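Remarks on the overall topology
Letter by letter, the chains look like this.
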Amino acid sequence: MPGQGSPHADIMFIGEGPGLNEDKQGIPFVGAAGTFLNTLLASIGLSRETVFITNMVKCRPPNNRDPQPDETAACAHYLDAQIAAIAPKIIVPLGRHALARWFPNEPIGKLRAHPQIFDGIMLFPLYHPGAALHNGGLRSTIEEDFLKLGALLAELGTSVNMAPEVPAPPEPATPEAVSPAEVAAVDTVVHTNEDATEEESKEETEVAAAPETVAAAPVESPPEPTHDADPLPAPTATLAESDEPSTQQLSMF
Ligand code: URA
């Protein structure tokens with residue numbers, strides 16, 4: 001299940017992996033977590049048609065267990081190709097599995113709702129919407145964090161494409177990442193690949209999820225690289241600090 005959304009999306013949401021229904025329908029986030037995600041998107045004026053939604057792993061791990069490192073590794077080149085083709089201006093890792101693509105040793109509770117620049121790409125990590133289904137106390141936190149994403153988009157201005165479909169630009173543009181300078185005024189942390197080697201934090205509390213294995217990686221054709229690569233204007237304000245990291249974190253998110 002490759003994903004869903006606009007090939008011109010400026011915002012890419014990355015979840016964990018498809019569940020049974022997602023696998024059957026070929027659509028990400030179709031269950032209760034997806035319903036909540038739809039509500040969250042709507043709360044900041046977005047919809048599934050205006051963003052791109054995908055997952056770390058492209059097949060359903062057996063019994064909905066957490067994806068294993070070899071499974072995320074096996075699917076990584078699909079995700080990399082999707083990111084390269086769509087060239088989003090902001091990537092929103094949903095939950096710790098997606099966050100681990102860039103920050104394997106950082107807890108989602110620490111980085112959530114804090115913009116990060118990683119090798120020129122802006123990341124805005126958020127809790128996985130499914131976390132609210134397991135821990136109702138996180139629901140309002142997730143809602144508030146989404147509003148912070150909305151505020152960030154507002155600061156970055158209208159060059160973030162929220163239109164469902166935008167015609168291809170007259171001349172193919174080279175996908176252009178957000179530069180650190182462009183987001184310097186936003187409360188953003190700039191990273192390089194070297195950061196990924198930091199020692200793993202023990203902050204997260206492990207909550208076992210049901211187990212399995214990702215079947216053979218699907219062959220998917222990423223959308224054509226037709227992203228319009230308008231540079232983002234320099235933000236003019238600073239995002240508010242998010243709350244302190246929650247001590248109540250689920251390892252599956
Ligand atoms: N559905 C998805 O597609 N991904 C998730 O991470 C959870 C539910």
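Residues numbered from 1 in each chain as written. Predicted model: local features only at pLDDT ≥ 70, side-chain atom pairs only at ≥ 80, totals over all residues.

What about the overall build of the chain?
- Of the regular secondary structure elements, the chain holds seven helices and seven strands.
- Out of the 253 residues belonging to the chain, those deemed buried represent 46%.
- A separation of at least 24 residues holds for 83% of the contacts in the chain among residues at least 6 apart in sequence. (Helix = DSSP H or I, 4+ residues; strand = E, 2+ residues; numbered from the N terminus. Buried ≥ 20, exposed ≤ 12 C-beta atoms within 10 Å, placed from the backbone. Contact = placed C-beta atoms within 7 Å.)

Examining the site of the ligand
- Around the ligand lies a shell formed by G15, E16, G17, P18, G19, E22, P28, F29, A33, N55 and G130.
- Of the residues contributing to the shell around the ligand, the split by class is four nonpolar, five polar and two charged. (Near = placed C-beta within 6 Å. Nonpolar A, V, L, I, M, F, W, Y, C, P; charged D, E, K, R; others polar.)

Digging into the confidence of the model for the chain
- The pLDDT averaged across the chain works out to 75; a share of 63% of its residues lies at or above 70.
- Predicted confidence for residues 173–177 stays below pLDDT 50, and this span has twelve contacts to residues more than four positions away or in other chains.
- Contacts from residues 195–253, a stretch scored under 50 in pLDDT, to residues over four places away or in other chains number 145 contacts. (pLDDT = per-residue confidence, 0-100.)

Thoughts on the nonpolar core
- In this structure, M12, V51, V92 and L126 are the most contacted members of the largest nonpolar core, which totals 51 residues.
- Ranked by the residues each element gives to this core, the list is headed by helix α7 (residues 138–156), at seven residues.
- Sequence-distant contacts of V51, defined by excluding residues within four places in its chain, comprise G5, S6, A9, I11, M12, F13, L41 and L46. (Core = buried A, V, L, I, M, F, W, Y, C linked by C-beta atoms within 7 Å.)

Quick look at the environment of P18
- Here P18 shows up in the loop between β2 (11–15) and α1 (20–25).
- When residues no more than four places from it in sequence are discounted, the contact partners of P18 are M1, D23, P28, N55, C59 and R60.

What to know about the pairing of strand β3 (residues 52–55)
- Of the two faces of β3, both are covered, the one formed by F52 and T54 as well as the one formed by I53 and N55.
- Inspection of the sheet shows strand β1 (residues 4–5) paired to β3 by two bridges, in the antiparallel sense. For G5, the partnering residue across the bridge sits in β3 and is F52. (Pairing = 2+ DSSP bridges.)

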